[in-house]
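Read off the chains here:
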Amino acid sequence: MPTATARSERLNMRVSPEALATIREAAAAQQQDVSAFVLGAALEHARDVLLRERVIQLTPRELDQVDAALDAEPRVIPELAALIEAVRRDTPSHATKKLAAH
């Protein structure tokens, strides 16, 4: 949970009296103050939106294509192999070990 010192930004909004009454009633039902209730609801919705935007949804046909590609024998792409080799050559060994650990 964020600490009081982590809260440095402010969000203001205007709402209709009816909307505020509904929010106050819902916050009270959850035993929260209005700010905590609104922040919690907004964060939950924001996370849902971001999850939907970041998750790739495939049709069954597309999923079959991905499965087939993963099952296929690997092939060397010369340009990609050269790029990987160049990066390995230019990267200090301690950074390579750190990358491999992830």
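Residues numbered from 1 in each chain as written. Predicted model: local features only at pLDDT ≥ 70, side-chain atom pairs only at ≥ 80, totals over all residues. Heavy atoms only, no water.

This brings us to helix α2 (residues 34–54). The end-to-end C-alpha distance of α2 is 30 Å, a good match for the 30 Å that 21 residues give at a rise of 1.5 Å each. The backbone nitrogen of S35 lies 3.2 Å from a side-chain oxygen of the residue at the head of α2, namely D33. (Helix = DSSP H or I, 4+ residues; strand = E, 2+ residues; numbered from the N terminus. Expected span 1.5 Å × (residues − 1). Polar contact = N/O pair within 3.5 Å; in protein donor to acceptor, adjacent residues only side chain to side chain.)

The next point concerns a nonpolar patch on the surface. A grouping of I56, L58, L63, V66 and L70 is seen on the molecular surface, where their side chains present a nonpolar patch of about 500 Å² in accessible area. With respect to the helices and strands, L63 occurs in helix α3 (residues 60–71). Given the relative accessible area of 42%, L63 is considered partly exposed. (Patch = residues over 30% accessible without salt bridge, like charges linked within 9 Å, V, L, I, M, F, W, Y side chains within 5 Å. Areas by Shrake-Rupley, 256 points an atom, 1.4 Å probe, with all protein chains shown as cover. Salt bridge = Lys/Arg side-chain N within 4 Å of Asp/Glu carboxyl O. Buried < 20%, exposed > 50% of the residue type's maximum accessible area, 1.4 Å probe, protein only.)

A separate point is the packing of helix α1 (residues 17–29) against α2. Contact geometry for α1 and α2: axes closest at 9 Å, N-to-C directions at 95 degrees. The angle between the axes of α1 and α2 places the two elements in the roughly perpendicular class. When α1 is examined against α2, the residues I23, R24, A26 and A27 are found in contact with a partner set consisting of V34, F37 and V38. (Axes fitted to C-alpha atoms, helices over the stretch in contact; angles between N-to-C directions. Parallel < 35°, antiparallel > 145°, perpendicular 65-115°, else oblique. Contact = heavy atoms within 4.5 Å.)

Shape descriptors only; they carry no functional weight alone.
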